[in-house]
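Examining the three-dimensional arrangement
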Amino acid sequence: MIGLHRSAPGRAGERNLLEVVMSSESEIVEKFKGAQNALVIQASDLSLETIATMAETGAIDVAPLFQRRERWDVRRQSALIESFLLNVPVPPVYLSEDDYGSYSVIDGKQRITAVRDFMSGAFSLTSLTRFPEINGYRFAELPGQLQNSLKVRPYIRAITILRQSDRATKYEVFHRLNSGGEPLNPQEIRNVIYRGPLNDLIMELANSSFLRKQLKIRDEKSSAYNLMADAEFVLRYFMLLENWRSFSGDYRISMDRYMEKHGGVKALDIERLRDSFERSAQACEDIWGEYAFKRPEGLGWRDQMLAGMYDAQMIAVSMADDKRISMLVSRRDDVVAGTRELFDDPDFETAVRVATNTASRVIHRVESVWQLISSL
């Protein structure tokens, strides 16, 4: 029997392996050093009066476009003030230095807003459990010693990411801090990662009164507002405007790719996109009115916006010229009746209600509405 013998690595092999290990270790150390240098921070202990004044004067921007829209109610704001009075530790706030003396909130928006509002007398304390004696009190009504304590004592630690820090690292910090509790939804994540002119335009157009009306956004407490559904629908339109015939079959991925692709969009293209969205939204309002983006139910219409109908109507009217849109407005009743008839086709109803991510269904619903408005 012939035995097999595995030879030990020679000196050259050992040397090469050592070089690979050392090279890899060197790369790791360099990456670590780069991370340390990318973020320059400063820590300060601030009184509530200082925080309130900075927020009131705008030195701290408590509502930067990249922030979440959630807002604490008075009960939660009161609980925070109670924590200060009981000397209970409160997590630090994180600020980003945008310019010298000008900051935006990366984490801690609700705490800073609560402090500002209470110190300015905007609300009275409520639902306090450990300090019920001051329920109903506003700041100016508190005993003088409590007022002075809140004004002077350094209750909040502020961690400031200085302006010389790497920008990408700043927003990595934001993402990690804000996803540590309740996870950010896809649009909230895009709002941080893809900051720039296109995202600013999306947030601007999200103020569309008609879109918000159809989404039932009545105020800042509305669920669709806090989830940034209005902004996501604007982006949805832009993405489909470019890709509805070649849609990938995944809205989240497609919208992410759109933001990444157009992050450096030029001013001229921004105006083109703004005009396109405003024109399509206005056309849908003028043609379908209160029934826009909805489906029929019995003899009436279901009072609930359908994303599939939004796609179909917004993209279809974007392909119509001004003359046709004027004609459609003049024949509004016929268009609404024709839209109702589209739902007699089970394939169309499926396309706007079931598995709406499917590429073929996106094409089917857009083409169906286009055939309707182009045949009248």
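Cut-offs and rules
- Residues numbered from 1 in each chain as written.
- Predicted model: local features only at pLDDT ≥ 70, side-chain atom pairs only at ≥ 80, totals over all residues.
- Heavy atoms only, no water.
- Helix = DSSP H or I, 4+ residues; strand = E, 2+ residues; numbered from the N terminus.
- Buried < 20%, exposed > 50% of the residue type's maximum accessible area, 1.4 Å probe, protein only.
- Contact = heavy atoms within 4.5 Å.
- Patch = residues over 30% accessible without salt bridge, like charges linked within 9 Å, V, L, I, M, F, W, Y side chains within 5 Å.
- Areas by Shrake-Rupley, 256 points an atom, 1.4 Å probe, with all protein chains shown as cover.
- Salt bridge = Lys/Arg side-chain N within 4 Å of Asp/Glu carboxyl O.
- Lys, Arg positive; Asp, Glu negative; His and termini not counted.
- Charge placed at Lys NZ, Arg CZ, Asp CG, Glu CD.
- Core = buried A, V, L, I, M, F, W, Y, C linked by side-chain atoms within 4.5 Å.
- pLDDT = per-residue confidence, 0-100.
- Pairing = 2+ DSSP bridges.
- Axes fitted to C-alpha atoms, helices over the stretch in contact; angles between N-to-C directions.
- Arc of directions from axis to C-beta.
- Phe/Tyr/Trp six-rings, centres within 6.5 Å; stacked < 30°, edge-to-face > 60°.

Right, let's get into the overall build of the protein chain. Each helix and strand in the protein chain was counted, giving 18 helices and seven strands. For the protein chain, with 376 residues in total, the buried portion stands at 44%. Nonlocal contacts in the protein chain, meaning residues at least 24 apart in sequence, comprise 72% of its contacts between residues at least 6 apart.

A cluster of like negative charges, contributed by Glu341, Asp344, Asp345 and Asp347, occupies part of the molecular surface. Tracing the backbone shows aspartate 345 in the loop between helix H16 (332-342) and helix H17 (346-353).

Turning next to the environment of alanine 224. Along the chain, the position of alanine 224 falls in helix H10 (residues 223-226). Assessed through its relative accessible area of 17%, alanine 224 is described here as buried. Measuring from C-alpha to C-alpha, the distance between alanine 224 and arginine 212 comes to 8.7 Å, with twelve residues separating the pair along the chain. When sequence neighbours within four positions are dropped, the list of residues in contact with alanine 224 reads Leu215, Ile217, Ala229 and Asp230.

Right, let's get into the pattern of salt bridges. Tallying each qualifying case throughout the model produces 20 salt bridges. The residue arginine 157 makes a salt bridge to aspartate 45 at a minimum N-O spacing of 2.5 Å. In this pair, arginine 157 sits in strand S5 (residues 154-161) while aspartate 45 sits in strand S1 (residues 41-47), placing the two residues 112 residues apart along the sequence. With a shortest N-O distance of 3.6 Å, arginine 245 and glutamate 367 are connected by a salt bridge. Pair noted here: arginine 245 is in the loop between helix H11 (229-243) and helix H12 (251-261) and glutamate 367 is in helix H18 (residues 359-375), with a separation of 122 residues, a long-range link. Salt bridges sharing common partners tie together Arg190, Glu232, Arg252 and Asp256.

As a further point, take the nonpolar core. Judged by nonpolar contacts, the single largest core of 63 residues is most densely connected at Phe238, Phe277, Trp288, Tyr310 and Ile373. It is H11 that contributes the most residues to this core, nine residues altogether. Excluding its chain neighbours within four sequence positions, the residues that come into contact with phenylalanine 238 are Leu198, Leu201, Ile202, Leu205, Tyr258, Leu273 and Phe277. Counting residues in each nonpolar core, the second largest holds 34 residues, with Met54, Ile60, Phe84 and Ala114 among its members.

Confidence along the protein chain averages 87 in pLDDT terms, with 84% of residues attaining 70 or more. Helix H14 (residues 307-318) holds the highest mean pLDDT among the elements of the protein chain, 98, whereas helix H1 (residues 11-38) holds the lowest, 63.

With that out of the way, let us pick up the environment of asparagine 199. Take asparagine 199: it is sitting in helix H8 (residues 197-205). When the C-alpha atoms of asparagine 199 and alanine 231 are compared, they prove to be 9.0 Å apart, with 32 residues separating the residues in sequence. Excluding residues that lie within four positions of it along the chain, asparagine 199 makes contacts with Arg190, Asn191, Tyr194 and Met259.

The next point concerns the sheet that holds S5. Within the open sheet, the five strands sit side by side as S1-S5-S3-S4-S2. Their pairing is mixed. The open sheet has two free edges, formed respectively by S1 and strand S2 (60-61), since each of these has just one partner strand. Alignment of S1 against S5, held across seven bridges, turns out to be antiparallel. Residue serine 47 lies in a different strand from S5, and its bridge partner there is proline 154. On top of the sheet, helix H4 (residues 109-119) reaches S2, strand S3 (93-99), strand S4 (102-107) and S5; it is set at about 120 degrees to S4, its chief contact.

Turning to unusual backbone geometry, a few remarks are in order. With a phi angle near 60 degrees, serine 127 is a residue other than glycine that sits in the positive phi range. Relative to the elements of secondary structure, serine 127 occurs in the loop between H4 and helix H5 (144-152). Classification of serine 127 by relative accessible area gives partly exposed; the value is 45%. A positive phi angle is found at alanine 355, which is not glycine, with a value near 45 degrees. For alanine 355, the position within the fold is in the loop between H17 and H18.

Taken residue by residue, H5 has Gln147, Ser149 and Leu150 as its buried positions. Looking down the long axis of H5, one finds its buried residues gathered within 165 degrees of arc, a one-sided arrangement. When the buried face of H5 is taken as reference, the exposed residues oriented beyond 90 degrees from it are Gln145 and Val152. In this fold, the buried residues of H5 make contact with S1, helix H2 (48-57), helix H3 (74-85), H4 and S5.

So, on to the packing of aromatic side chains. Geometrically, a pair of aromatic rings is defined through the distance of the ring centres and the angle of the planes. Under the definition given, this model contains twelve aromatic pairs. Seen in terms of ring centroids, phenylalanine 118 and phenylalanine 139 are 5.9 Å apart; in terms of plane orientation they differ by 85 degrees. Their pairing is edge-to-face. Residue phenylalanine 118 is located in helix H4, and its partner phenylalanine 139 is located in the loop between H4 and H5; the two are separated by 21 residues in the primary sequence. Per residue, the accessibility class of phenylalanine 118 equals that of phenylalanine 139, and both read buried. Seen in terms of ring centroids, phenylalanine 293 and tyrosine 310 are 5.1 Å apart; in terms of plane orientation they differ by 70 degrees. Their pairing is edge-to-face. Of this pair, phenylalanine 293 sits in the loop between helix H13 (267-288) and strand S6 (296-297) while tyrosine 310 sits in helix H14; the two residues are 17 residues apart in sequence, bridging distant segments of the chain. Using a relative accessible area of 1% as the deciding quantity, one classes tyrosine 310 as buried.

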